Every structure is written in C-alpha cells, then in structure tokens.
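# Residue-level structural notes
Listed below, chain by chain, are the residues.
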Amino acid sequence: MNKVGKIEVILLFALLVLGYFFSNHVMGLRAEEPRRAVVGIEALIGENPLVPAIHGEPYYNKPPVYNWVLATSFLLHDSFSPSAVRFPGVLSLWIIAALLFWLVRKYQEWKSALFAGIIFLTFGDLIFYGAVNAGEIDLFYALLVFIQVIAVFHFHHRRQLLLLFLVTYFFAAVGTLTKGLPSIAFQGITLVAYFALLRDWKGLFSWKHAVGILLFTGIVGGYFLAYSQHGDALAFMLNLWSESSSKSANNAGFGSIFKAIYSFPLQLIQITLPWSIFLIWAKKVRWKQSPLAVFSLLFIVANIWIYWISPELRNRYLYTFFPFLSILIAAIISKMVETKRIDFKLSRIAAILAILIGTAFIALPFTEVLPPHQVSAIPFFICGILFLAIAAFQFRFTQNGFIHIAFILAFLRLSYNVCILPIQAADSKSAYYANQVDEILGITENQEVFWTGYPYTFKPELSLAGKSFMRDSISTPPLLAYQIPYYYSLNTNSRLLYTPQPTEETWLLGEKQYALNNDGRIYFEFKDKWTQNTLVLYQVEKP
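Keep in mind it's a predicted model, so treat the numbers as computed, not measured. Residues take numbers from 1 onward in each chain, read along the sequence in its written order. pLDDT decides what is reported in this predicted model: residues at 70 or higher carry local features, side-chain atom pairs at 80 or more are listed and counted, and totals for whole chains, interfaces and linings draw on all residues regardless. Note that the side-chain values use all heavy atoms of the structure and ignore hydrogens as well as water.

### Considering the overall build of the chain
Basically, it comes down to this: Starting at the N terminus, helices and strands are each numbered in turn, a helix being any DSSP run of H or I of at least four residues and a strand any DSSP run of E of at least two. Restricting the calculation to C-alpha atoms gives the radius of gyration, and the globule rule supplies 2.2 Å times the number of residues raised to the power 0.38. A 1.4 Å probe rolled over the protein chains alone gives each residue an accessible area, and that area as a share of the maximum for its type sets the label: buried under 20%, exposed over 50%, partly exposed in between. The contact criterion used is simple: two residues touch if any of their non-hydrogen atoms lie within 4.5 Å. The accessible surface values rely on the Shrake-Rupley method and a 1.4 Å probe; as for residues, cover is taken only from the protein chains in view. We count Lys and Arg on the positive side and Asp and Glu on the negative side, and we leave His and both chain ends out. Charge positions come from single atoms, namely NZ of Lys, CZ of Arg, CG of Asp or CD of Glu.
Each helix and strand in the chain was counted, giving 22 helices and 10 strands. A globule of 543 residues ought to have a C-alpha radius of gyration of about 24 Å, and the chain, at 25 Å, matches this closely. Counting only C-alpha atoms, the chain reaches 85 × 65 × 45 Å along its principal axes. Burial analysis of the chain (543 residues in total) assigns 54% to the buried set. The long-range fraction of contacts in the chain, counting pairs at least 24 apart against all pairs at least 6 apart in sequence, stands at 77%. For the chain, the computed accessible surface area is about 24,100 Å², with 64% contributed by carbon and sulfur atoms. Once the 41 positive and 32 negative side-chain charges of the chain are each reduced to a mean point, those two points are 20 Å apart.

### Brief notes about the sheet that holds strand β9 (residues 520-527)
The test is simple: Strands pair, by our definition, only if DSSP identifies at least two bridges between them. An axis is simply a line fitted to the C-alpha atoms; with a helix, the fit covers only the stretch in contact. Between two such axes, the angle follows the N-to-C directions and lies from 0 to 180 degrees.
Taken together, the four strands give an open sheet; going across it, the order is β3-β8-β10-β9, and neighbouring strands pair in mixed fashion. The outermost strands of the open sheet, each flanked by one partner alone, are β3 (449-451) and β9. On average, each strand axis in the sheet is inclined to that of its neighbour by 30°, with strand direction left out of account. Across seven bridges, β9 lies against strand β10 (residues 534-540) in antiparallel orientation. Bridge assignment links R521 to a residue of β10, and that residue is Q539. Relative to the sheet, helix α20 (residues 429-444) contacts β3, β8 (507-511), β9 and β10, its axis offset from that of β9 by approximately 160°.

### As for a nonpolar patch on the surface
Going by this rule: Patch membership requires more than 30% relative accessible area and the absence of a salt bridge. Residues of like charge join within 9 Å; the nonpolar side chains Val, Leu, Ile, Met, Phe, Trp and Tyr join within 5 Å. Basic side-chain nitrogens of Lys or Arg form a salt bridge, by our definition, when they fall within 4 Å of a carboxyl oxygen of Asp or Glu.
Judged by side-chain polarity, I349, I352, L353, I355, L356, I378, F381, I382, I385, L386, L388 and F395 come together as a nonpolar surface patch covering roughly 1,000 Å² of accessible area. Only α17 (340-363) and α18 (377-396) provide two or more residues apiece to the nonpolar patch. Ranked by the residues each element gives to the nonpolar patch, the list is headed by α18, at seven residues. With respect to the helices and strands, the residue F381 is situated in helix α18.

### Some words on α18
Under the convention used in this document: By this rule the span expected of a helix is its residue count minus one, scaled by 1.5 Å. This arc describes the spread of directions from the helix axis toward the C-beta atoms.
Given a rise of 1.5 Å per residue, 20 residues ought to cover 28 Å, and the 29 Å separating the end C-alpha atoms of α18 matches this to within 8%. Considered for burial, the residues of α18 that qualify are F380, C383, G384, F387, I390, A391 and Q394. Seen from one end, α18 has its buried residues packed into an arc of 115°, which puts them on one side. Structural note: α18 exposes I378 and R396 on the side pointing more than 90 degrees away from its buried face. Contacts made by the buried residues of α18 are with α1 (3-21), α17 and α19 (401-426).

### As for the nonpolar core
To keep things clear, this is the line we draw: Throughout, nonpolar core names a set of buried Ala, Val, Leu, Ile, Met, Phe, Trp, Tyr and Cys residues whose side chains join them through atoms within 4.5 Å.
Core analysis: the largest hydrophobic core is formed by 168 residues, its most contacted members being W275 and I484. For this core, the element with the most residues is α19, which contributes 16 residues. Apart from residues lying up to four places away in sequence, I484 is in contact with Y433, V437, L496, L509, F526, D528 and L535. In terms of nonpolar packing, the next biggest core, distinct from the first, is built from six residues, Y514, A515, V536 and Y538 among them.

### Description of the pairing of β10
By the criterion of burial, β10 is predominantly enclosed, with six of the seven residues buried. If you look at the hairpin formed by β9 and β10, you'll find six residues sitting between the two strands, and Q532 has a positive phi there, around 70°.

### A word on the environment of S290
Tracing the sequence through the fold places S290 in the loop between α13 (254-271) and α14 (291-303). Since its relative accessible area comes to 12%, S290 is described here as buried. On a C-alpha basis, the gap between S290 and G117 in space is 17 Å, while along the polypeptide they are 173 residues apart.

### Some details on the packing of α17 against α19
In plain terms, the rule: Working definition: roughly parallel below 35 degrees, roughly antiparallel above 145 degrees, roughly perpendicular at 65 to 115 degrees, and oblique for all remaining angles. A clockwise turn of the near helix away from the far one marks a right-handed crossing, whereas an anticlockwise turn of less than a right angle marks a left-handed crossing. Each residue is assigned to one of three groups, with Ala, Val, Leu, Ile, Met, Phe, Trp, Tyr, Cys and Pro labelled nonpolar, Asp, Glu, Lys and Arg labelled charged, and all others, Gly among them, labelled polar.
At a closest axis distance of 7 Å, the pairing of α17 and α19 adopts a crossing angle of 15°. One element, α17, and the other, α19, form an angle in the roughly parallel class. The crossing of α17 and α19 is left-handed. Residue-level contacts link D343, L346, S347, A350, A354, I357 and F361 of α17 to G401, F402, H404, I405, I408, L412, S415 and C419 of α19. The class makeup of the residues in the contact of α17 with α19 is 10 nonpolar, four polar and one charged.

### A word on unusual backbone geometry
With omega at 0°, the peptide bond leading from L273 into P274 counts as cis. Here A31, not a glycine, exhibits a phi torsion of approximately 55°, which is positive. Take A31: it is sitting in the loop between α1 and α2 (33-45). Even without being a glycine, Q532 presents a positive backbone phi close to 70°. Look at Q532 and you get partly exposed, because its relative accessible area is 48%.

### Quick notes on the packing of helix α8 (residues 161-179) against helix α11 (residues 207-228)
Remark: α8 packs on α11, axes separated minimally by 8 Å, with the N-to-C direction vectors making an angle of 25°. Relative to α11, the element α8 is oriented roughly parallel. Every pair of crossing elements has a handedness; the one defined by α8 and α11 is right-handed. Contacts from L161, L162, F165, L166, Y169, F170, A172, A173, T176 and L177 in α8 reach W207, K208, H209, V211, G212, I213, L215, F216, I219, V220, Y223 and F224 in α11. Class assignment for the residues of the contact of α8 with α11 results in 18 nonpolar, three polar and one charged.

### Let's talk about the state of the cysteines
Two cysteines form a disulfide when their sulfur atoms are joined by a covalent bond. This is how the line gets drawn: Disulfides are defined as pairs of cysteine sulfur atoms found within 2.5 Å of each other.
Throughout the structure, instances matching the rule amount to zero disulfides. Looking at C383, it has no disulfide partner, and the nearest cysteine sulfur is the one in C419, 3.7 Å off. For C419, a relative accessible area of 4% translates into the label buried.

### Comments concerning the environment of I219
Tracing the chain through its elements places I219 in helix α11. The exposure class assigned to I219 is partly exposed, which follows from its relative accessible area of 25%. Spatially, the C-alpha atoms of I219 and A173 are 6.4 Å apart, while their sequence positions differ by 46 residues. Ignoring anything within four residues of it in the chain, the contact list for I219 reads F170, A173 and L177.

### With respect to the pattern of salt bridges
With the rule as written, the count across this model stands at 12 salt bridges. Of the charged contacts, one joins D138 and R316 as a salt bridge, the two residues approaching to 3.0 Å between their closest N and O atoms. Taken together, the positions of D138 in helix α7 (residues 138-157) and R316 in the loop between α15 (305-308) and α16 (322-336) put the pair 178 residues apart, joining distant regions of the chain. Each member of the pair, D138 as well as R316, is classed as buried. Taking the shortest distance from any N to any O, the salt bridge between E338 and K335 comes out at 3.9 Å. Judged by its relative accessible area of 40%, K335 falls in the partly exposed class. Three or more residues joined by partner-sharing salt bridges are found here, namely E136, D138, K179 and R316.

Next comes the structure, spelled out in structure tokens:
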C-alpha cells in the first residue's frame, strides 16, 4: 500500500470512530434497546442483580450477563443515558474488528487482516442499523460467540486441547447466560464439525473435553442454583427454551419454513451489502491453502441452517456470522485487487458512488422525502460538497479501490449522523414517550409513580416438533412500551415499580379501564403506541 493509501486508511478509521461513538446520544432508545436498558437499570439499582427484573418483578426472557454489562456501563457513565446503553454494543463491535485483524494477521497476510476488519465494520446492516441501535444485545453476543468459536480453531492449531476446551466452554457458558440456548447449539455443532473434518476423534472424546464440559456445567448450573434461592429457576429455564423455540423452526408450520428457506439467501446478501457482491468471485481464491478460511466456511455452513429455516428470523440474529463472512470476503478482495485493472475499476466505482451520494445530499432538502419544517439545508449541502470533493480525490488517485469504497461508507455513516439522525429522532416514538413521561413527572412533581394493572400471564412449554413435554404458567406485570419505564428511570434515578393492588392517595399509572374500575381520578392520559392501550395517570382517593 502506498503512502496515500496509508493516510486514507488512517482517515477511514477516524471517520468510523466518529461515526460509531459520537452520535449515540442523538436518537432515543428504540426497538429492543429500551427493554434491555430497563432490565440493566434493575440490575444496578434493584434488590438482586442475580434475578433479571422489570418493574421490580422477575423477567424471564433473557439470562443476566448483558444486564450486568449494561449496569457496568451505567456506572462508568454515571448515567442511564442512550450513550451509556449503546456503549457496550459499539465497543463489542470494535473488539471483534481488532480480534479479526489479530486472527487473520496470524494465519494469513497483513492485507487480508486489514480488509477483514474494515469489511466487518462497514457491513451495510451493521453500520446503518446494528451500530445505531447498539443497545440491543446482539453485538455483545456476537463478540462472545466469535471468541467461543475462534478459540476452537486457534488452540487446536497450536495443539493446546485443554486450553481449547476451557476457553471455548467458558465463553459458551457466558453466552448461554447472555442469550440462552443458541450458544449451546453453536458449541456442539462447531466442535463436532471441526473435529470430524480433521478426523480428530481422539481429541473430541478426550478427558480434556470432559473438563471443558464440567466448567460449562459449573458456571451455568451454578448460576441457576443461585437463582433458585431467590426465584423459580425451573420456570426461568423453561421460558428460555420456549423463547428460543418460538423463534426457530421447532414449532413452525411447513409453509412458514418453506418461505424462510427461499427468502433467507436474499436476506443474508442484502444485510451484508456491499461486500456480499464479491462472493461472486469466490472461485478466484484457493481456499484449501487457508485453514482459517476453511474453518470460517465450516462454521457458517454447519450452523447457519438453524437460522435458514427459522420463520421468526431477525437480521441482527445473523451478526454472529459476520466476522466469519468478513474473513472469506477479505480473502476474495485481497486476491482481486492484486490485478491493477480491478483495483482501478473499484476506485472508479467508489468515485461514481461519491458523486451520486453527494448530489443526493445537496438535492434532498428540496424534495418531499424529508419533513421540510425539520430540515436545514446547510448540513446536507456541506456533506454533499464533501462527497464531491472525495470523488475528485478518488478520480485523481486510482489505487486502493477497496479502501475508497469503505471510505465512502464511513463518511456516509457520519453524514447520516449529522443530517438524517436528528430528523428521525425528532419524529421517533422515543421522543413521544419522553414527552409523556415529562408530563407525568410535571403533574406528580417528581413523586413516586407505580405501574398497575391486571397481571400478564403466559404459558411457556418444553416442546419438540410440536409435541409438548412440560408446561408452566408465569405471571408478570402487564405489558407497556419499555420507553416509559426507561425514561422514568432516566429522569428520576428510580424504578417504575409494579403494585398489584392500587393504593389510596398514591400516583398510579395504568390502563384507563383498569383505573376506572378502581374508581381512579384521572389526571393525564395518552396512547401506548406499542400495546395500543390508553394509559392514564390516576389516584384512588379516600372515600
């Protein structure tokens, strides 16, 4: 790489750092972020961090590790702010990129290592969704799975089997206590597939493997034993199975599975754009010469079928495969750019993209795509001019075409933060709920408010292929948009606790009909846009 290319790489990483770390406060929490935040707040200021909770009552959908991670971030930031919620996810993304560089550099060439890290950081869905909604659990979980899996390859390559099983089962245990059953599936399938590929049955069935299993059992079993001293551990484990099962093909009909099978490849290609396009040229690489690439392909092929046939698939569930796809795509691009003609074409493509994007940014404020009362043309114009300047630079320097494309993506993310994100934030549901909570606290003069309502009851079951083996009944506080308890905690440094029975002369929040049934005097009402219920702030006065 020439001197200009090295400078561009430095600028590229500077743009990525700015894009990923310095706008996390702009957008309020959305999607799964507020739920994760509320459970994290409970872990920090609640009665017992061993027991995940919402409204002071047990929460059964996820194990506790990510709650502890968020609680640590809250302590570091001394705040429950959106930036504090998103920090662990963004940090996890960068740790994965660093580990990718280290791993590929160790087993392949330096250029492939650099490309792998950059590709991972600039996958389309990651850079414009995953790293924007970084308060969700999936980036941190992807980090755990990545370490869990690469430990198998790295330590087997070094013939350190005891260390292999100790490290991989440790992170499998942490992953299980983060997201439940998927880590167990990754562990079993990957170990069997890789040791079978190497025909190392002796290593797979060795006493060292038994030590790893004992470590896993001790960590996971130890947690649930401790949990059983404070709550219903069996119901918790049953619901974790039910949660994973509901998102898999286990209880799905043939029609929904068939639809998932034919739609999945397009979905995977879409969320890994633009780099997935380069998989077309996979035949250019001699894969057998790269054990790391073979292992990455093995991991993907052996495990991805679980998601391929899952009707309830979300894009973020596939983030665990992104580092391994980065390794494969980096090998392809490294081989391609050895040909100057291809490198030149990539550079020209990048320059043309910069012109198109720059022109679009200049024109956007004058279209009806964005709400005109919220749009200032100045930042759009500045970003557009800078894109055109980047295009001029890339027309002048025609080497390092891959870096040029990545640079466009990085600057597009920064431009998105500056121009688009504030507009989305102003019209978001998060802003709506933040305003409703402000109204509530204004009326109550920051006095404590309790969440009320009829309990929400659900029935998790242990089932396989449609056959039920065990069922339980669990009751929790009634559902509401999780932004409400989040913004309540953000403003009061306390929890929105649940009370099963309304008490007199206490500020209460609940569904309107429930309040009227309890002779409540209503002070404020608004719409919960998630449950579609009308919620009210009320008091039950003394007779």
